[in-house]
Amino acid sequence: MQPELKPVRTDDKGFGRGTSYEPVQDVAYSTAESRKVLRNTYMLLALTMVPTVIGAWIGMATSGIIMASPIISTLVMLAAVIGLQFGIAANRNSGVGVALLLLMTGLLGWWLGPILNVALSMKNGMGLVGYAAVGTGVIFFAMGALAQTIKRDLSFMGKFLFVGMIALLIAMIANMFLQIPALALTISTLVIVVFSLFLLYDLQRIMRGGETNYVMATTGVYMSLFNIFVNLLHILMALTGQRE
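This section reports on the structure supplied with the text. Residue positions are given per chain, counted from 1 along the sequence in the order it is written. Two thresholds apply to this predicted model, a pLDDT of at least 70 for residue-level local features and 80 or more for giving and counting side-chain atom pairs, whereas whole-chain, interface and lining totals are computed over all residues. As a rule here, side-chain values come from all non-hydrogen atoms in the structure, and water together with hydrogens is ignored.

### Here we look at helix H4 (residues 95-111)
No. 1: The first and last C-alpha atoms of H4 sit 24 Å apart over 17 residues, in line with the 24 Å expected at 1.5 Å per residue.
No. 2: Relative accessibility decides the category of a residue: with a 1.4 Å probe and only protein chains considered, values under 20% of the type maximum give buried, values over 50% give exposed, and everything between is partly exposed. In DSSP terms, a helix is any run of H or I states spanning at least four residues, a strand is any run of E spanning at least two, and both are numbered starting from the N terminus. Those residues of H4 that fall on the buried side of the exposure criterion are Gly97, Val98, Leu101, Met104, Thr105, Gly106, Leu108, Gly109, Trp110 and Trp111.
No. 3: Next to the buried residues of H4 lie helix H1 (32-61), helix H2 (63-67), helix H3 (70-90), helix H5 (113-120) and helix H9 (214-240). Expected helix span is given by 1.5 Å per residue-to-residue step, counting one fewer step than there are residues. For this analysis, residues touch if any pair of their heavy atoms sits within 4.5 Å.

### Details of the nonpolar core
No. 1: We call a set of buried residues a nonpolar core when its members are Ala, Val, Leu, Ile, Met, Phe, Trp, Tyr or Cys and they connect through side-chain atoms within 4.5 Å of each other. Grouped together as the largest cluster of nonpolar side chains are 61 residues, with contacts concentrated most on Met104, Leu199, Leu203 and Leu233.
No. 2: When contributions to this core are tallied by element, the ones reaching two or more residues are H1, H3, H4, H5, helix H6 (125-149), helix H7 (157-178), helix H8 (181-208) and H9.
No. 3: If sequence neighbours within four positions are ignored, Met104 has contacts with Val81, Leu84, Gln85, Ile88, Thr219 and Met223.

### Digging into the packing of aromatic side chains
Aromatic rings in a pair are described by how distant their centres are and how their planes are angled relative to each other.
No. 1: Pairing of aromatic side chains requires ring centres within 6.5 Å, counting the rings of Phe and Tyr and the six-membered ring of Trp. Pairs whose planes differ by under 30 degrees are stacked, by over 60 edge-to-face, and all others tilted. Scanning the model with the defined rule gives six aromatic pairs in all.
No. 2: Relative to Tyr201, the ring of Phe198 lies with its centre 6.3 Å away and its plane at 75 degrees, an arrangement referred to as edge-to-face. In this pair, Phe198 and Tyr201 both sit in helix H8, three residues apart, roughly one turn of the helix.
No. 3: One aromatic cluster is present, built from ring pairs that chain together Tyr42, Phe140 and Phe141.

### Thoughts on the packing of H3 against H4
Working note: a packed helix pair is described by the angle between its axes plus the distance between those axes.
No. 1: It is at 9 Å that the axes of H3 and H4 come closest, and there the two elements cross at 165 degrees. Considering the angle they form, H3 stands roughly antiparallel to H4. In this structure, H3 meets H4 at a crossing whose hand is left-handed. Note on element contacts: H4 touches H3 through Gly97, Leu100, Leu101, Leu103, Met104, Leu107, Leu108, Trp110 and Trp111, opposite Ser73, Thr74, Met77, Ala80, Val81, Leu84, Gln85, Gly87 and Ile88. Here an axis means a line fitted to C-alpha atoms, over the contact stretch when the element is a helix, while the angle between two N-to-C directions is reported on a 0 to 180 degree scale. Throughout this description, any angle smaller than 35 degrees is read as roughly parallel, any larger than 145 degrees as roughly antiparallel, any in the 65 to 115 degree range as roughly perpendicular, and the remainder as oblique. The handedness criterion is simple: a crossing whose near helix is rotated anticlockwise from the far helix by less than a right angle is left-handed, and one whose near helix is rotated clockwise is right-handed.

This is the structure in structure tokens:
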């Protein structure tokens, strides 16, 4: 089973990123406010790794709960994550929003348990997990560098990426029933592309002052990184995994 969850993204100013997909005003990249939001985003992103790791450790020990009914578990988890994101958005200006974000990352860490168990059961499992983590980090830093150097406003990408994400979600749910390996690999590849572009889009919005709330910024960046890691691991397992 491939755990793959998509973040809620919307152009409603009252939810999600707190901003619309309309072009951002051309502001200086390195204003004091945008630097502060970016710094706080990175700090909170680092903090989210703690509940993620703890959740993954628990998930590996309790993976039977998910594997007993993977399709139902996936739909329930998807609903829970979407609900938590609504809660995060509603409380983004208070500590409750941070607490809900940490809860969500812990829950997603727990959801990683089954795929980590499968990966680590392979002869080269530790290496695969390491390569997926390193690959995710490389994509993150590459998108960050591009966001800082690209002069063109990338706000126009938001609506297209949102539509692409919804299409991939529908395809993923369909393939849960179809179980076509080639389609699963295609979906994973496209997820990596879409969420890498979402990283670029999100990071540039922060740097340009289009996203001023670090809780919402962290939520978007974390969900992109989560999906990139899971799908990189899935591809590596399918193509280079060595069964015992």
